[in-house]
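As a plain string of letters, each chain reads:
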Amino acid sequence: MLRPLMNAGLSAPFRRLFDEIGTVDCVGIEERVAKYTTRSIKKTSKLWGLHMAVTMVDLTTLEGKDTPGKIASLCRKALRPSEDPAVPGTAAVCVYPSMVRHAKQHVADTSVKVASVATAFPSGQAPLKTRLAEVRAAVADGADEIDMVINRGAFLEGGFAEVQDEIAAVVEACGDAALKVILEVSELETYDNIRAASFLAMEAVREGDFIKTSTGKTTLNATLGNNQVMIEAIRDFYLDTGIAIGMKPAGGIRTAKQALQFLIAVKETLGDAWLTNERYRFGASSLLNDLLRQIEKEKTGAYQAPYYFSEAAESY
């Protein structure tokens, strides 16, 4: 907990919020996540974890040069990541709103969802009316999930009501589509702010929606540390309200080893109920091929060359 002297420079809205939700023991967080990197998972448990991680990937392409053909290839990869029939499909494909209808053609009536970034991703710097129109258009074209960005400027100025009102408006625009609220942790500056933004978002969304670390467009994205702050916030919110919120770390998770460490964090903090793609996702498309290589290694004892598997899209 922060001492009163360290609290002295905070604005009144932040002081009130921190008094309500508590602050973060930064040293404790770093010690906790350091222990996750020492855990050893072997054989059957490791293979289970690798398969689980595959089912949690949101396979993503967010480039100006995206085409319907590229989206078709992405969807094929999501539906069948490997020639091994035991390897499951990914959770979703994530695309810009203009590509939603193309993705939907390829994954309709399958377990793979279509997710779309919206609300002027990644900056969020557009009028609210424009951001909401983008959400409605993506949903109308078939998006099952929407990834939105919060107004970080309003948050940092203590405009918490404005942040929550905008999230609530997006929830309404989503209709039946699930919502993932991107905090953009690198711009929130402190663990305390990440915890605070997590609570503000969770209070404005519905059961089954998500909070998400990053857009993948900044220098700092998902880390075990900021993931831990957010899943502890999810745990505390659930204990207070009984409402289960999902989590999506995004950007910077590139290896199977990292993915397993994140899953250990989930199991030890939130429990087995969150070890499902209905409550946990990886926004890290470049992770998929390393997961496939590790699965092959567990089954055959030999690594395949990276080019053995088709290239995934960029990681966001």
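The rules behind these values
Residues numbered from 1 in each chain as written. Predicted model: local features only at pLDDT ≥ 70, side-chain atom pairs only at ≥ 80, totals over all residues. Heavy atoms only, no water. Helix = DSSP H or I, 4+ residues; strand = E, 2+ residues; numbered from the N terminus. Rg over C-alpha atoms; globule rule 2.2 N^0.38 Å. Buried < 20%, exposed > 50% of the residue type's maximum accessible area, 1.4 Å probe, protein only. Expected span 1.5 Å × (residues − 1). Contact = heavy atoms within 4.5 Å. Pairing = 2+ DSSP bridges. Axes fitted to C-alpha atoms, helices over the stretch in contact; angles between N-to-C directions.

## Observations regarding the overall build of the protein chain
Scanning the protein chain from N- to C-terminus turns up 13 helices and seven strands. Its C-alpha atoms give the protein chain a radius of gyration of 19 Å, near enough to 20 Å, the size a compact globule of 316 residues would have. Structurally, the protein chain occupies a C-alpha span of about 60 × 45 × 35 Å along its principal axes. Counting the 316 residues in the protein chain, one finds 54% classified as buried.

## Re unusual backbone geometry
For residues besides glycine, phi is generally negative; the peptide bonds are generally trans as well. Residue Phe-121 is joined to Pro-122 through a cis peptide bond whose omega torsion reads 0 degrees. Inspection of the secondary structure puts Pro-122 in the loop between β3 (113-117) and α7 (128-140). Positive phi outside glycine occurs at Ala-120, with the angle close to 60 degrees. Relative to the helices and strands, Ala-120 resides in the loop between β3 and α7.

## Points about the environment of Met-230
Structurally, the position occupied by Met-230 is in helix α11 (residues 224-241). Classification of Met-230 by relative accessible area gives buried; the value is 0%. A sequence separation of 32 residues divides Met-230 from Ser-198, and the C-alpha atoms of the two residues are 6.4 Å apart.

## Some remarks on helix α9 (residues 160-174)
For α9, with 15 residues, the first-to-last C-alpha span of 21 Å sits near the 21 Å given by 1.5 Å per residue. Taken together, the buried positions of α9 are occupied by Phe-160, Val-163, Glu-166, Ile-167, Ala-169, Val-170, Val-171, Ala-173 and Cys-174. On its buried face, α9 is in contact with α2 (12-21), α7, β4 (145-149), α8 (152-156), β5 (178-182) and α10 (191-204). Directly beyond the C-terminal end of α9, a positive phi value near 60 degrees is found at Gly-175.

## Concerning the sheet that holds strand β7 (residues 246-248)
The seven strands lie next to each other as β1-β2-β3-β4-β5-β6-β7, forming an open sheet whose pairing is parallel. Of all the strands in the sheet, just β1 (58-60) and β7 have a single pairing partner and so form its edges. With strand direction ignored, the average angle separating the axes of adjacent strands in the sheet is 25 degrees. By the bridge criterion, three bridges tie β1 to strand β2 (residues 92-95) in an arrangement that is parallel. Across the sheet, Asp-58 pairs through a bridge with Ala-92, a residue of β2. Across the sheet, helix α6 (residues 100-107) touches β2 and β3, and the angle it forms with β3 is around 165 degrees.

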